[in-house]
Amino acid sequence: MKKHNFSAGPSILSEYTIRNTSDAILNFGDVGLSIMEVSHRSKEFVAVMDQAQALFKELLDIPSGYSVLFLQGGASLQFAMVPFNLFQNKAAYLDTGVWAAKAIKECKIFGDVDVVASSKDKTYSYIPKGYKIPEDADYFHITTNNTIYGTEIKEDFDVNIPLVADMSSDIFSRPIDVSKYALIYGGAQKNLAPSGVAFVIVKDDILGKVERTIPTMLNYQTHIEKESMFNTPPVVPVFAALKTLEWYKQQGGVAAMHKTNIEKANLLYDEINRNKLFKSNIADVEDRSIMNVTFVMEENYKELDAAFLAFAVSQGMSGIKGHRSVGGFRASIYNAMPVSSVQALVDAMKEFEKNN
Ligand SMILES: *Cc1c(COP(=O)(O)O)cnc(C)c1O
């Protein structure tokens, strides 16, 4: 039996994505070769790249004037590429977790960073509110979903300066108003593809304003002009991304994904609330992520931590151990996770409560 995959990343992909990608690894369409051994300049692969970009734009309803890029180096390289391409005098960042902090660290290489607010004081268990964004900053950077802690910004902010978002772990989980962002990026390995590719949605007219010389590979302009084919792209992850995008479309698009995601999140949070053994890590219901659900044992049942983990594993659950910095449990319930897997976890929690 295949396990219920609650891994935070690399993480669950749709069966459609995995089957079609493994088929193409054996035999890529009519080419008579594996996708791993054909030129990225072949018309067949160029079509894959074109379709992936087009479907990405279609599903997120991306307005004209934006480019979609598939790059290597993961979200972590974007932490540096963003300031390389956009930082002039000062940037503003919201510190909502370790990933946000890593983005801040890279930006500091370029100069003055205004960290407008941080939730580090409470192990990043909430989304700060009521801060002021400096009008003179070049851009404001947020991390919409904090994968490790289970908090999420679920609305598109209205800000007066260009808005940049790391959406590694919640892209395609809800409809977004791309027009409110100057740039959105993320690693693919949570909601899109195997690791090896990052996506970037960039508003073309925010580029070309910095004075510094940007190395060719780190310049967004290079990849816009060459349509993500300046050098050899990660062909298998891009192919898999296309398959996931096709699957999203078959499911009814992002709005339908969002509906199912809310259903899954409610199912799990309701059980965490109801079950006497568990509690949520995130006090403010509004801040609770619909992608990464973190929870811990109630005070009186702390000693059952390892026993629950072992029981869950015996029931076919994989990847629910919490991040080492948070402890407890984390169930990542990304887009590809079926309601039935969340139900299986809920059933295991109920069963464990009965036995204890
Ligand atoms: C996983 C993750 C990253 C890191 O992605 P890499 O592709 O491994 O660099 C960055 N930000 C967030 C929010 C993540 O979840």
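Just so it is clear, the model here is predicted, and its values are computed rather than measured. (Residues numbered from 1 in each chain as written. Predicted model: local features only at pLDDT ≥ 70, side-chain atom pairs only at ≥ 80, totals over all residues. Heavy atoms only, no water.)

Here the focus is the overall build of the protein. Within the protein, the regular secondary structure consists of 9 helices and 14 strands. In terms of overall dimensions, the protein is globule-like: its C-alpha atoms have a radius of gyration of 21 Å, near the 21 Å expected for 356 residues. Dimensions along the principal axes, computed over C-alpha positions, put the protein at roughly 60 × 55 × 30 Å. Across the 356 residues of the protein, 57% fall into the buried class. Across the protein, the fraction of contacts at a sequence separation of at least 24, relative to all contacts at a separation of at least 6, is 66%. Just so you have it, the protein exposes about 15,200 Å², and 50% of that area is on carbon and sulfur atoms. For the protein, the distance from the average site of its 36 positive side-chain charges to the average site of its 42 negative ones is 4 Å. (Helix = DSSP H or I, 4+ residues; strand = E, 2+ residues; numbered from the N terminus. Rg over C-alpha atoms; globule rule 2.2 N^0.38 Å. Buried < 20%, exposed > 50% of the residue type's maximum accessible area, 1.4 Å probe, protein only. Contact = heavy atoms within 4.5 Å. Areas by Shrake-Rupley, 256 points an atom, 1.4 Å probe, with all protein chains shown as cover. Lys, Arg positive; Asp, Glu negative; His and termini not counted. Charge placed at Lys NZ, Arg CZ, Asp CG, Glu CD.)

Sheets are built from strands paired through backbone hydrogen bonds, the pairs being either parallel or antiparallel. The 3 strands are arranged 11-12-14 in an open sheet whose pairing can be described as antiparallel. The open sheet terminates on both sides in strands that have one partner only, identified here as strand 11 (278–280) and strand 14 (329–332). Between one strand axis and the next, the sheet turns through 35° on average, direction left out of account. Here 4 bridges tie strand 12 (residues 292–297) to strand 14, and the two strands are oriented antiparallel to one another. Counterpart to Phe-295 in the pairing with strand 14 is Phe-329. Contacting strand 11, strand 12 and strand 14, helix 7 (residues 253–274) crosses the sheet at an angle of about 10° to strand 12. (Pairing = 2+ DSSP bridges. Axes fitted to C-alpha atoms, helices over the stretch in contact; angles between N-to-C directions.)

Scanning the model with the defined rule gives 20 aromatic pairs in all. Residues Tyr-93 and Tyr-139 carry aromatic rings whose centres are separated by 5.8 Å and whose planes lie at 65° to one another, so their mutual orientation is edge-to-face. On the criterion of sequence distance, the pair formed by Tyr-93 in strand 3 (residues 90–95) and Tyr-139 in the loop between strand 4 (112–118) and strand 5 (140–143) is long-range, its members being 46 residues apart. Assessed through its relative accessible area of 1%, Tyr-93 is described here as buried. Residue Tyr-139 is classed as buried on the basis of its relative accessible area of 0%. Between the aromatic rings of Phe-278 and Phe-329, the centroid separation amounts to 6.3 Å while the plane-to-plane angle is 80°, which identifies the pairing as edge-to-face. (Phe/Tyr/Trp six-rings, centres within 6.5 Å; stacked < 30°, edge-to-face > 60°.)

What follows covers the side chain of Glu-271. In this structure, Glu-271 sits in helix 7. Given a relative accessible area of 2%, Glu-271 falls into the buried group. Residues within four places of Glu-271 in sequence aside, it is in contact with Val-346, Met-349 and Lys-350.

To continue, consider the domain arrangement of the protein. In terms of domains, the protein is made up of domain 1 (4–11 + 254–355) and domain 2 (15–251). Each of domain 1 and domain 2 has a C-alpha centre, and the two are 27 Å apart. Every contact between the two is made by 30 residues of domain 1 and, on the other side, 29 residues of domain 2. Buried area between domain 1 and domain 2, both sides added, is near 2,200 Å², and the carbon and sulfur share of it is 55%. Area buried by domain 1 at its contact with domain 2 is led by Val-254, Asp-287 and Asn-335, which between them contribute 27% of it. Linking domain 1 to domain 2 there are 2 salt bridges. Between Asp-284 and Lys-129 there is a salt bridge, with its nearest N and O atoms 3.8 Å apart. The interface formed by domain 1 and domain 2 contains 17 residue pairs in polar contact (both at pLDDT 80 or more). Element by element, the count of residues in the side of domain 1 that touches domain 2 is highest for helix 7, at 7 residues. Residue composition of the side of domain 1 that touches domain 2, by class: 14 nonpolar, 11 polar and 5 charged. (Domains from an automatic or database assignment. Buried area = accessible area lost by both parts, 1.4 Å probe. Salt bridge = Lys/Arg side-chain N within 4 Å of Asp/Glu carboxyl O. Polar contact = N/O pair within 3.5 Å; in protein donor to acceptor, adjacent residues only side chain to side chain. Nonpolar A, V, L, I, M, F, W, Y, C, P; charged D, E, K, R; others polar.)

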